[in-house]
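Spelled out from the first residue to the last, the chains are:
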Amino acid sequence: MPEPVRQEHNLVSGENSFFRDILDTVQEPLVVLDSTLLIVYANKSFYTFFKARPEELLGKDLSFVRRAQWNIQELRPLLEDTFNGVTCGDFRVACNSSAGGKAFSLHARSLPANGKAVQRIILKVEEAAVQNDRREPGLCDMNYFDLVEQGNDGIVILREGVCVFANSRFSEMTGYPGEENTGRNFLEHLPETYKRMISKRLQKVLRDMKNPGRNNEVEMLTKAGDSFPAEISFSYIKCEEKPLVMLNIRDIRERKASEAELKASREKYSTLVEESNDGIIIIQEGTLKFANRKFSELTGYSREELNNQQLTEYVPDIYRRMLSGRLRKVLKDMRSLRHNNEVEFVTKNGALLPAEMGLSFISHEGQPSVMINVRDISYRKRAEAELRDSEKKYSTLVEKGNDGIIIVQDEVLVFSNTKFCEISGFSKEELLRRPFEDFLQADYKRVVMKRFRRSLEKNRDTPMKYEVELLSKEGTNTPAEINSSVIENDGKPAVMAIIRDITHLKNKEKRLLELIEVQKIMESVIKSSPAVIFFWKPEDDWPVEFVSENISQFGYNAEDFISGKLQYGDVVHPSDISRLSTETEQWSRDVENLSYEYRILTRSGEVRWVDERSVVKRDPDGNVQYVQGIVVDITERKNVKNFMHIVSDPGEIFTPGGDPGDMFNQLLELATQVENMDSGALYLIDETTGDLNLVAHKGFSPDFIKSIRHHPAGSIHKRVMMTEYPLYTRYYELNSMIPGNKPINERLEATAIIPVKHNERLVAILMLASHSSFEIPFNARSTLEIIAAQVGPMIGRMREQVDTHKDMKNLKVIFETIEEIIFVIDNDGCILYANPFACKCFDYTEEELKGMNILKLHPQNKLLEAAPVIADLIAGKVSVHNIPFETRYKKLVPAETRCTVGQSDDKNIVICLSRIEI
């Protein structure tokens, strides 16, 4: 087996050294000088870089290199050190003006010759501009083999197909060490499919004694049995009169990956164009050069029929001038038009297709072109026509509605429906063109007109609701509820107000207040009432002077408070204590009546919502003597029969264990218990498409449900349903607003369409109906609107917490394998997650723990101690506590709990890890 060629003597003389061929593959410019500084050799990169030919430079000194001004007198003493065996480099020389005023950096190293004294040096030339502070090794630090070894390509030299030399890069590519490559047949590195082709290429190079004109792509095998794509270039060289073949092998995995990505990208964009819902065409000089499948479908013409045809031939005469002008403008300005245009296309069957087109400037096949997006708007045009027809029906709805509707412009009534005439007692002729304040009781004139003006200034289209008293024609005051918003009337801003007569509700409210006064007087009634009476001292933490016996409904004794053993601040939920801290400040002011809603903890640790109504009692000098308050448990109202609890209690979070479908059905169950309501449906608004989707229903036939299950965003049904304020009407009147509608005979009468909002944005629609009643009473309407007002935040929070639930699922994977107690709680101490080990320790299921306040897991005699500690943990003030836990069966579990405050979906959470103390 022949030994690899590793001669270092006489490296550049003679034709037998294959290293001259290797030097020609080096990308940096290299030049070899003799002792008189005459050029004896330069590689191809040197000639290319200085734009010179060998006959111009060989045998001449450096001054003949035209692109650099070499200072020979300065270089000679430096290079003489190199002749004496001293390695040196990094000389800087100036360029002439033709090279742009750049500078070069030279690196020099001596070359041995037949063991004699140094006769030659080799220089590497670099542009100084490409160097940085951390200088790469130069030729002064390298011998000739280093240049080959540090190349980015594998280099292999073959003699009769057998490897006699391989650099380290080739070893890295194949995984074979250098000694295993030497003497190996190169074809062993190739799969069978490439061996015959490469063998022929090697024979051709040796036969023709010249380099082939192109490279070859192959697969190379590694020692591990893997393969990788490579590009092989062949070079014919001679060494000691023996023909050899040098292979440059480049790893092209990255290039192949890029080509694959480019191909995939082209396929993707081609698919996007072909599968687009819009027609896409490309126009050059008014001629169709491309049309996608959708445009062909819209017009009915095949692509072959459209190709190379004038675009104006497919539009009516009235559009041709406009279309030609738009095309010229895009080509002239070389940019897209900012506004779309409507046009009609003539289809193959002669029909007119209304379309919206957008024009963009592009380059197609090297020529300036116009790309047009064509969108079919026939459905929109039909909808607009239907909407115009339905507007006449809306006027009927306005006139026959149960609420008064007026429009005030420049503070003067410019419109009034019949219902408002009935409420006020005036005819339309008496109402119109009169200042609206003439119909307001004196105490309300300034306030209402100020709100109207402020709404107009801020252009507030969000409805504002407030109560007023109207002056009727007979001079009596009529209590009314105004729901006002800004609209445009005859091109000018105006205020539209929906006015509801609430005389009936006010009378009912008055009777209720009278009843409460009677209940306060009757002690026997107080004892059985949910309203607990307190007398508080005007001090911090609210010391109690008196509390009624029915405090027992929260598990406490009246004596506990009166004796001072407990203060009222001890039972207030830790999350609400700071909010109520301002109450004592209110006592010291001239405020007489106060109202608060907050949470308290029962003796068993249960969280209850209460409504406090307080009256401040003062002595003749104005000093506060005591505060008299009534505390009413409103948890059931907050819960709305165990359903609204999720929405109303800020201390609770909608947990993944709950079924939204069940909750929506419970909502309808609750709403249909309102007077005369026996059927209903709840729609959610799709945030992405704007569609209305039915999510719960009750009391309707299967055929009717099928017909109302889904309303697309652009449908007339959706527009009728998407009212900004509650709509109460007969079902047949609602159907009459939808042209062409053929409803199922469901025999519905009175109907309510109630918007459900969250943060002033529609999120759902509640539809309720009766099969027997022809009208929904006013008190029932108020109840339905209260229910809808509480459902909106629930739906909004459900959507906002989807990401939190995903995060919790990821945490569960980690936490479920840990045999220590792990809780995740929110800012109110409610458990969001408990790992299986915690469920096992406390004898609760995971569903039972979710939503439970963590205080309930502590013994009753430790609740007052645990509450402030939990509050400090949530606030991040402490991180460790040793308060024991209690299982379902009252068994104490001593533990050390460590807590960390974090965030999930921009909400603060606390992760608690408890280690049981043995």
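(A) Molecular detail of the overall build of the chain. Across its full length, the chain carries 32 helices and 39 strands. Across the chain, contacts joining residues at least 24 apart in sequence account for 49% of those joining residues at least 6 apart. Roughly 48000 Å² of accessible area belongs to the chain as shown, and the carbon and sulfur atoms make up 48% of that amount.

(B) Molecular detail of the pattern of salt bridges. Scanning the model with the defined rule gives 48 salt bridges in all. E411 is the partner of R453 in a salt bridge, and the nearest nitrogen-oxygen pair spans 2.8 Å. Of this pair, R453 sits in helix 16 (residues 442–458) while E411 sits in the loop between strand 17 (404–409) and strand 18 (412–416), placing them 42 residues apart in sequence. On the basis of relative accessibility, which here comes to 38%, the residue R453 falls in the partly exposed class. For R608, the salt bridge identified is with D633, shortest N-O distance 2.8 Å. Of this pair, R608 sits in strand 25 (residues 607–618) while D633 sits in strand 26 (residues 624–633), placing them 25 residues apart in sequence. Looking at R608, the relative accessible area reads 16%, which means it is buried. Its relative accessible area of 19% is what places D633 among the buried residues. Among the charged side chains, a salt-bridge network with shared partners connects E217, E231, R255, K256 and E259.

(C) Structural context of unusual backbone geometry. In this structure, E365 takes a positive phi of about 55° despite not being glycine. For E365, a relative accessible area of 69% gives the class exposed. The backbone of E760 shows a phi angle near 65°, a positive value even though the residue is not glycine. Looking at the secondary structure, you find E760 in the loop between strand 31 (750–758) and strand 32 (761–769). The class of E760 is exposed, set by a relative accessible area of 57%.

(D) Looking closely at helix 16. Taking 1.5 Å per residue, 17 residues should reach 24 Å; helix 16 reaches 26 Å between its end C-alpha atoms and fits that length. Looking at the packing, one finds that the buried side of helix 16 touches strand 17, strand 19 (464–471), strand 20 (477–489) and strand 21 (492–501). You can read the cap of helix 16 off the contacts: a side-chain oxygen lies 2.9 Å from the backbone nitrogen of D443, and it is on Q441. Note on helix 16: the residue one or two positions beyond its end, N459, has a positive phi of about 50°.

(E) Focus on the environment of I883. Within the element layout of this structure, I883 appears in the loop between strand 35 (880–881) and strand 36 (885–886). A relative accessible area of 5% places I883 in the buried class. Along the sequence, I883 and P894 sit 11 residues apart, while their C-alpha atoms lie 7.2 Å from each other. In contact with I883, other than residues within four places in its own chain, are H858, K862, E865, A866, V869 and A895.

(F) Quick look at the packing of aromatic side chains. Counted by the stated rule, this structure contains 20 aromatic pairs. Here the aromatic rings of F49 and F50 are separated by 4.9 Å at their centres, their planes lie at 75°, and the arrangement is edge-to-face. Classification of F49 as partly exposed rests on a relative accessible area of 23%. Note on F50: relative accessible area 2%, which makes it buried. Seen from their ring centres, F426 and F439 are 5.3 Å apart, and the 75° between their planes marks the pair as edge-to-face. With F426 in the loop between helix 14 (418–424) and helix 15 (428–431) and F439 in the loop between helix 15 and helix 16, this pair connects stretches of sequence that are 13 residues apart. As far as burial versus exposure is concerned, F426 and F439 are alike and both buried.

(G) How the structure looks around the sheet that holds strand 38 (residues 895–904). Ordered by their spatial adjacency, 5 strands build an open sheet running 34-33-39-38-35, and the pairing between neighbours is antiparallel. Both outer strands of the open sheet, strand 34 (831–834) and strand 35, are each paired with one neighbouring strand and no more. Bridge analysis of strand 33 (residues 821–825) against strand 34 gives 3 bridges, and the strand direction is antiparallel. Directly across from V824, in strand 34, lies its bridge partner Y833.

(H) Quick look at the environment of K492. In this structure, K492 sits in strand 21. Separated by 82 residues in the primary sequence, K492 and D410 place their C-alpha atoms 9.6 Å from one another. Beyond its immediate chain neighbours, meaning those up to four positions away, K492 contacts Q409, D410 and I487.

(I) Fine view of the nonpolar core. If you look at the biggest cluster of nonpolar residues, it comprises 30 residues, and the most contacted ones within it are F823, I825, F842 and L857. Broken down by secondary-structure element, the contributors of at least two residues to this core are strand 33, strand 34, helix 30 (836–842), helix 32 (863–875), strand 38 and strand 39 (907–916). No other element matches helix 32, which puts 6 residues into this core. In contact with L857, other than residues within four places in its own chain, are F823, I831, F842, Y844, L849, M852, F885 and E886. Judged by nonpolar contacts, the second largest core, of 28 residues, contains L668, M677, A752 and L766.

(J) Examining the pairing of strand 26 more closely. Across 6 bridges, the pairing between strand 22 (residues 531–536) and strand 26 is antiparallel. What sits directly across from F534, in strand 26, is G629. Across 9 bridges, the pairing between strand 25 and strand 26 is antiparallel. Residue pairing for strand 26: E612 is matched across the bridge by V631. Where strand 25 hands over to strand 26, the hairpin turn is made up of 5 residues, of which G622 adopts a positive phi near 90°.

(K) The arrangement of the confidence of the model for the chain in detail. Across the chain, pLDDT averages 79, with 81% of residues at or above 70. Per-element confidence in the chain is highest for strand 9 (residues 216–221), whose mean pLDDT is 92, and lowest for helix 23 (residues 645–648), whose mean pLDDT is 37. Long-range and interchain partners of residues 114–118, a stretch whose pLDDT sits below 50, account for 5 contacts in this model, where long-range means more than four residues apart. The model gives residues 130–143 a pLDDT under 50, and that stretch makes 28 contacts with residues more than four places away or in other chains.

(L) Examining the state of the cysteines more closely. Scanning the entire structure with this criterion turns up 0 disulfides. Cysteine C839 remains unbridged, with the sulfur of C841 as its closest cysteine sulfur at 9.3 Å. Take C839: its relative accessible area is 12%, and that puts it in the buried class. Note on C899: no disulfide assigned, nearest cysteine sulfur contributed by C912 at a separation of 3.2 Å. The class of C899 is buried, set by a relative accessible area of 11%.

(M) The arrangement of a positive patch on the surface in detail. A cluster of basic side chains, namely R446, K450, R451, R454 and K458, defines a positive patch on the protein surface. Along the polypeptide, K458 turns up in helix 16.

(N) Focus on the sheet that holds strand 15 (residues 352–364). The strand order across the open sheet built from 5 strands is 13-12-16-15-14, with neighbouring strands paired in antiparallel fashion. If you trace the sheet from one side to the other, it starts and ends with strand 13 (287–291) and strand 14 (341–346), each paired once. Across this sheet, the average inter-strand angle for adjacent strands is 40°, counted without regard to direction. Direction of pairing for strand 12 (residues 279–284) relative to strand 16 (residues 367–376): antiparallel, over a ladder of 5 bridges. Looking across to strand 16, one finds that I283 is bridged to V370. Sheet strands touched by helix 12 (residues 317–333): strand 12, strand 14, strand 15 and strand 16. Its angle to strand 15, the strand with the most contacts, is close to 20°.

Cut-offs applied
- Within every chain, residues take consecutive numbers counted from 1 along the sequence as written.
- A pLDDT threshold of at least 70 governs which residues receive local features in this predicted model, and a stricter bar of 80 or more applies before side-chain atom pairs are shown or counted, although totals over entire chains, interfaces and linings include all residues.
- Side-chain numbers come from the whole structure's heavy atoms, not from hydrogens or water.
- Strands here mean DSSP runs of E at least two residues long; helices mean DSSP runs of H or I at least four residues long; both are numbered from the N terminus.
- Contacts between residues were defined by any pair of non-hydrogen atoms, one from each residue, lying within 4.5 Å.
- In this description, accessible areas are obtained by the Shrake-Rupley approach with a 1.4 Å probe, and a residue is regarded as covered only by the protein chains that are shown.
- Should a side-chain nitrogen of Lys or Arg be within 4 Å of a carboxyl oxygen of Asp or Glu, the pair is scored as a salt bridge.
- Exposure categories follow from relative accessible area, calculated using a 1.4 Å probe and restricted to protein chains: below 20% of the type maximum is buried, above 50% is exposed, and the middle band is partly exposed.
- Take the residue count of a helix, subtract one, and multiply by 1.5 Å to get its expected span.
- Any N or O atom pair separated by 3.5 Å or less is treated as a polar contact, with the protein-specific requirement of one donor-capable and one acceptor-capable atom, and with residues adjacent in sequence counted only for side-chain atom pairs.
- Side-chain rings of Phe, Tyr and Trp, where Trp is taken by its six-membered ring, are said to pair if the distance between their centres is within 6.5 Å; with planes under 30 degrees apart they count as stacked, over 60 as edge-to-face, and otherwise as tilted.
- For two strands to be treated as a pair, DSSP must find no fewer than two bridges joining them.
- The term nonpolar core refers to a set of buried residues drawn from Ala, Val, Leu, Ile, Met, Phe, Trp, Tyr and Cys, joined through side-chain atoms within 4.5 Å.
- Every residue is assigned a pLDDT by the predictor, reflecting its confidence on a scale from 0 to 100.
- The rule for a disulfide is simple: a pair of cysteine sulfur atoms within 2.5 Å.
- Each patch is built from salt-bridge-free residues with over 30% relative accessible area, joining like charges within 9 Å and nonpolar side chains (Val, Leu, Ile, Met, Phe, Trp, Tyr) within 5 Å.
- Residues scored as charged are limited to Lys and Arg (positive) and Asp and Glu (negative), so that His and the chain ends carry no count.
- Charge coordinates come from a single atom per side chain, which is NZ of Lys, CZ of Arg, CG of Asp or CD of Glu.
- For helices, the axis comes from a line fit to the C-alpha atoms of the stretch in contact; other axes are also lines fit to C-alpha atoms, and the angle between any two N-to-C directions lies between 0 and 180 degrees.

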